[in-house]
Amino acid sequence: LTIIVIFLSPSLAKNFGKGSPVQMNTAPFVEMKVVLGFTVPEARAIVDYREKNGAFKSVDDVLKIPGLDPARLEAQKSRMAF
């Protein structure tokens with residue numbers, strides 16, 4: 001028998017499954033992965049890009065990141081806040 005315990009950050013717990021938008025300029029890597037469904041490389045690329053280039057103003061800024069799936073961005077853009 002294996003028991004898995006997952007601790008969610010307050011912001012992740014608040015957003016998980018409730019449809020609340022994810023703050024793309026402050027969300028941690030794990031929130032983008034779990035709530036928005038980005039892959040590990042995509043979530044890492046978003047955080048890295050944000051740290052190097054500053055705050056996103058819109059989903060169009062996120063689209064500038066190489067390697068992101070445009071279809072995933074389109075599907076999740078209503079769940080992103082800037």
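Undergrad: Help me understand the overall build of the protein in this model?
TA: The helix and strand tally for the protein stands at 5 helices and 2 strands. In the protein, the succession of α and β elements from N to C terminus is α-β-α-α-α-α-β. Considering the protein as a whole, with its 82 residues, one finds that 32% of them fall into the buried category. Considering only contacts in the protein between residues 6 or more positions apart, those separated by 24 or more positions represent 43%.

Undergrad: Please explain helix α3 (residues 40-53) as it appears in this structure.
TA: The end-to-end C-alpha separation of α3 is 20 Å, in line with the 20 Å expected for 14 residues at 1.5 Å each. Of all the positions in α3, only Glu42, Ala43, Ile46, Val47 and Arg50 are classed as buried. For α3, the arc enclosing every buried residue in end-on projection is 135 degrees, short of the 170-degree limit, so these residues lie on one face. Exposed positions of α3 whose direction lies more than 90 degrees from the buried face are Pro41, Glu51 and Lys52.

Undergrad: So what exactly am I meant to see when it comes to the packing of aromatic side chains here?
TA: Aromatic rings considered in pairs are described by the distance between their centres and by the relative angle of their planes. The full count for this structure, using the stated rule, is 1 aromatic pair. Note on tyrosine 49 and phenylalanine 56: the rings are 6.0 Å apart at their centroids and 5 degrees apart in plane angle, and the pair reads as stacked. Cation over ring: arginine 44 sits above phenylalanine 29, and NZ or CZ is 4.7 Å from the ring centre.

Undergrad: Help me understand the environment of lysine 64 in this model?
TA: Mapped onto the fold, lysine 64 is located in the loop between α4 (59-62) and α5 (70-76). Take lysine 64: its relative accessible area is 53%, and that puts it in the exposed class. The spatial distance from the C-alpha of lysine 64 to the C-alpha of isoleucine 46 is 9.9 Å, given a sequence separation of 18 residues.

Undergrad: Is there a simple way to explain the nonpolar core in this structure?
TA: One broad trend across soluble globular proteins is that nonpolar side chains are buried collectively. By size, the foremost hydrophobic cluster in this structure holds 17 residues, and its most contacted members are Met24, Met32, Phe38 and Ile46. Sorting the residues of this core by element identifies α3 and α4 as the ones contributing at least two each. Element by element, the count of residues in this core is highest for α3, at 3 residues. Filtering out sequence-adjacent residues up to four positions away, isoleucine 46 remains in contact with Met24, Met32, Phe38, Phe56, Ile65 and Leu68.

Here is what the cut-offs are and how they apply
Residue indices follow the written sequence of each chain, beginning from 1 at its first position. Confidence filtering applies because this is a predicted model: local features only for residues at pLDDT of at least 70, side-chain atom pairs given and counted only at 80 or more, and all residues used for totals across whole chains, interfaces and linings. Neither water nor hydrogens contribute to the side-chain values; these are computed over all heavy atoms in the structure. Every helix listed is a DSSP run of H or I at least four residues long, and every strand listed is a run of E at least two residues long, numbered separately from the N terminus. Buried residues are those whose accessible area, probed at 1.4 Å on protein chains only, stays under 20% of the maximum for their type, while exposed residues exceed 50% and partly exposed ones sit between those limits. We call two residues in contact whenever any of their non-hydrogen atoms come within 4.5 Å of each other. By this rule, a helix spans an expected 1.5 Å times one less than how many residues it contains. Note: the arc covers the axis-to-C-beta directions of the helix. Two aromatic rings, drawn from Phe, Tyr or Trp (for Trp, its six-membered ring), form a pair once their centres lie within 6.5 Å of each other, and the interplanar angle then sorts them: stacked below 30 degrees, edge-to-face above 60, tilted otherwise. In this analysis the charged atom, NZ for Lys or CZ for Arg, is taken to sit over a ring once it is within 6 Å of the ring centre and within 35 degrees of the ring normal. What is meant by a nonpolar core is a set of buried Ala, Val, Leu, Ile, Met, Phe, Trp, Tyr and Cys residues, joined one to another through side-chain atoms within 4.5 Å.

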